Amino acid sequence: MWYPGHIEKAKNRIRKNLKIVDAVVELLDARIPFSSRAYEYDELFQNKQRILVLNKEDLADPAITSQWIKFYKKDHDVISANLKRSDASSFLKRKILPKIKGKFIEKKIMIVGVPNVGKSTLINRIKGKKSLAVGNRPGITRGIQWIKVNEQLSVLDTPGILYTRLHSPNIKMKLIATGCLPLEQVDLFDAMKKIYSFLITRYGENVFDNVLKKQKGEHVDYVTFLEFYSKEKSFIKRGQEYDYERAAAHFLINLTKGNFGRFSYETPDDIESLNNGEAAYNGKS
Ligand code: GTP
């Protein structure tokens, strides 16, 4: 689980290194660009330039990603990305570097994000062959490395992991649906029920027509869906019972990987329409 001790440690690590970075790259999950932002970001980075990267755009609903870009553009630099596919080093050079303000030619950035959002992928791609880890710098936490991408860009090689607010069951559902929370830590059926209901409500009854051979557009509740799913996948327990648990885990894992389609779990309108949106964002409710 996400223990408060871990969060404090991560925050301290980030605070220590913030002083020498020009900009913070907030890596967000494009499917939940609001819920994958930790509420501490505002307090921690208030004096820093922030560049928002909506990663895993290949898994998100493209129309909704465009809405988010427009929404965040008002206050931040923001871009969407598929770091799995693109050459992140050239992506950084072309898309991020020109946005960084700073006194010196060499710009220094820090990358933060919730678990599984793609921080290591970004760092590994940046590392590439040409880049050079230049080791510790005085006054910085021991063991921290800078990756010198080129004369103009260095990246801190300790991705800061921050955690989003978990007190809301709705946010938990979104983190599960995007793979930011491991399935071992959740109630599978509860997660399945919420995510399934959300998707058929938002995307329509026929959203999983390609997943199951059921009647097109036919309404089935999540239990019946799991029954059909177990049957089709031959997930049978001893005694010829359907293995609902295995079916739910299999379905959720494939959903997070985008194997059933591209879905987004929140829109700017959803967030703005929450009366207490701002309070919740600041962790006050
Ligand atoms: P933690 O170490 O848990 O904090 O994770 P992380 O933020 O370092 O994420 P990591 O780079 O390990 O990526 C998690 C998974 O997401 C991996 O399987 C990556 O291949 C995948 N991934 C990263 N970026 C993308 C992307 O843009 N699209 C897709 N489809 N997958 C991605």
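About the criteria used
- Residues numbered from 1 in each chain as written.
- Predicted model: local features only at pLDDT ≥ 70, side-chain atom pairs only at ≥ 80, totals over all residues.
- Heavy atoms only, no water.
- 1 Å grid on protein atoms, 1.4 Å probe; cavity = no way out; pocket = protein on both sides within 12 Å on 5 of 7 lines; lining within 4 Å.
- Points joined across faces, edges and corners; volume = space filled by probe spheres on them.
- Nonpolar A, V, L, I, M, F, W, Y, C, P; charged D, E, K, R; others polar.
- Near = heavy atom within 4 Å.
- Polar contact = N/O pair within 3.5 Å; in protein donor to acceptor, adjacent residues only side chain to side chain.
- Areas by Shrake-Rupley, 256 points an atom, 1.4 Å probe, with all protein chains shown as cover.
- Helix = DSSP H or I, 4+ residues; strand = E, 2+ residues; numbered from the N terminus.
- Axes fitted to C-alpha atoms, helices over the stretch in contact; angles between N-to-C directions.
- Parallel < 35°, antiparallel > 145°, perpendicular 65-115°, else oblique.
- Contact = heavy atoms within 4.5 Å.
- Core = buried A, V, L, I, M, F, W, Y, C linked by side-chain atoms within 4.5 Å.
- Buried < 20%, exposed > 50% of the residue type's maximum accessible area, 1.4 Å probe, protein only.

## Structural notes on empty space enclosed by the protein
A complete count under the given rule lists two cavities of 30 Å³ or more for this structure. Quantified by volume, the second largest cavity comes out at close to 30 Å³. Taken together, the residues of the lining of the second largest cavity break down into five nonpolar, two polar and one charged.

## Points about the site of the ligand
Near the ligand lie 16 residues; those nearest to it are D58, L83, K119, S120 and T121. Contact distances for the ligand include 2.6 Å between an oxygen atom and a side-chain N or O atom of S120. When the ligand sits alone it has 660 Å² of accessible area, and the protein chains cover 72% of it. Per element, the largest residue contribution to the shell around the ligand is three residues, and it comes from helix 5 (residues 119–127).

## Details of the environment of R13
Position of R13 relative to the elements: it lies in helix 1 (residues 4–18). The sequence separation of R13 and I161 amounts to 148 residues, and the corresponding C-alpha distance is 9.6 Å.

## Considering the packing of helix 8 (residues 222–233) against helix 9 (residues 244–256)
At a closest axis distance of 9 Å, the pairing of helix 8 and helix 9 adopts a crossing angle of 90°. In this view, helix 8 runs roughly perpendicular relative to helix 9, as classed from their interaxial angle. The segment helix 8 lies against helix 9, with V223, F225, L226, E227, Y229, S230 and K233 engaging Y244, A247, A248, H250, F251 and N254. Split by residue class, the contact of helix 8 with helix 9 holds eight nonpolar, three polar and two charged.

## Things to note about the nonpolar core
In this structure, I195, F208, F225 and L255 are the most contacted members of the largest nonpolar core, which totals 59 residues. It is helix 7 (residues 188–203) that contributes the most residues to this core, eight residues altogether. If sequence neighbours within four positions are ignored, L255 has contacts with I195, L199, F208, F260, F263 and Y265. In this structure, L18, Y41, L52 and W68 belong to the second largest nonpolar core, which totals 26 residues.

Bear in mind that shape data such as this cannot, by itself, settle questions of function.
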